[in-house]
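Reading the structure
Single-letter residue listing:
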Amino acid sequence: MAILPIITAPDRRLKVKSKPVDAVDDKIRQFLDDMLETMYDAPGIGLSAVQVGVAKCLITVDVSHDDEDNAPLYMVNPEIVHYSDDKGIYNEGCLSLPDQFADLERPEGITVEYLDYNGEPQKLLADGLLSRCIQHEMDHLKGRLFVDHISAVKRGMILRKLDKARRQKQTA
Ligand code: NI
């Protein structure tokens, strides 16, 4: 297992659209293990492969908030097949946008189909934080960040702040 460097915005690599995986083999499983370790280390509740520079349709999620009873989900080629009509607002953050948050409206519930760690097809009904987190990570697979849901003015402010913080870090 290895902790992988997480790409932070603004970065062109975060805008790349991810490609579906052909088969869940040992190489993919090892990468999923690395992704999960990277996510826990950050710490975060969700991570997409593209955030560590691999544009493949892979995400890891764990909203359990409990070190002793982790409930990791590995999703390969996830696809949302249903959105609920009711929507909710949640203050979202992202490991690729450190210390930045914005209130976002999204559908409350989803039904998602995916391949699991063993390559078995799964169907999951999710709501609350889990639904939110999966929708957020799946945005990454389309090259979208949570700031792409907010106004251009607010987005510009956040991205300039991050750009400045990175330049200060590089010269420090
Ligand atoms: Ni994110």
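Residues numbered from 1 in each chain as written. Predicted model: local features only at pLDDT ≥ 70, side-chain atom pairs only at ≥ 80, totals over all residues. Heavy atoms only, no water.

**With respect to the coordination of the nickel ion**
Looking at the nickel ion, one finds its protein donor set to be C94 (SG), H136 (NE2) and H140 (NE2), positioned 2.0 to 2.2 Å from the metal centre. Donor residues for the nickel ion, ordered by position in the chain, follow C-x41-H-x3-H. One end of the pair, C94, is in strand β4 (residues 87–94); the other, H140, is in helix α2 (residues 128–141), and 46 residues separate them in sequence. Per residue, the accessibility class of C94 equals that of H140, and both read buried. (Donors = N, O, S within 2.8 Å, 3.2 Å for Na, K, Ca; no water. Helix = DSSP H or I, 4+ residues; strand = E, 2+ residues; numbered from the N terminus. Buried < 20%, exposed > 50% of the residue type's maximum accessible area, 1.4 Å probe, protein only.)

**Here's the deal with the side chain of T111**
Tracing the backbone shows T111 in strand β6 (residues 110–115). Residues within four places of T111 in sequence aside, it is in contact with E79, I80, V81, H82, K123, L124 and L125. (Contact = heavy atoms within 4.5 Å.)

**Looking at unusual backbone geometry**
Here the residue pair A9 and P10 is connected by a cis peptide bond, since its omega of -5° sits within 30 degrees of zero. Looking at the element boundaries, P10 is found in the segment before α1 (26–41). With an omega of -5°, the peptide bond running from A42 to P43 counts as cis. Structurally, the position occupied by P43 is in the loop between α1 and β1 (46–48). The phi dihedral of D99 falls on the positive side, at around 65°, and the residue is not glycine. Looking at the secondary structure, you find D99 in strand β5 (residues 97–107). Looking at D99, the relative accessible area reads 68%, which means it is exposed.

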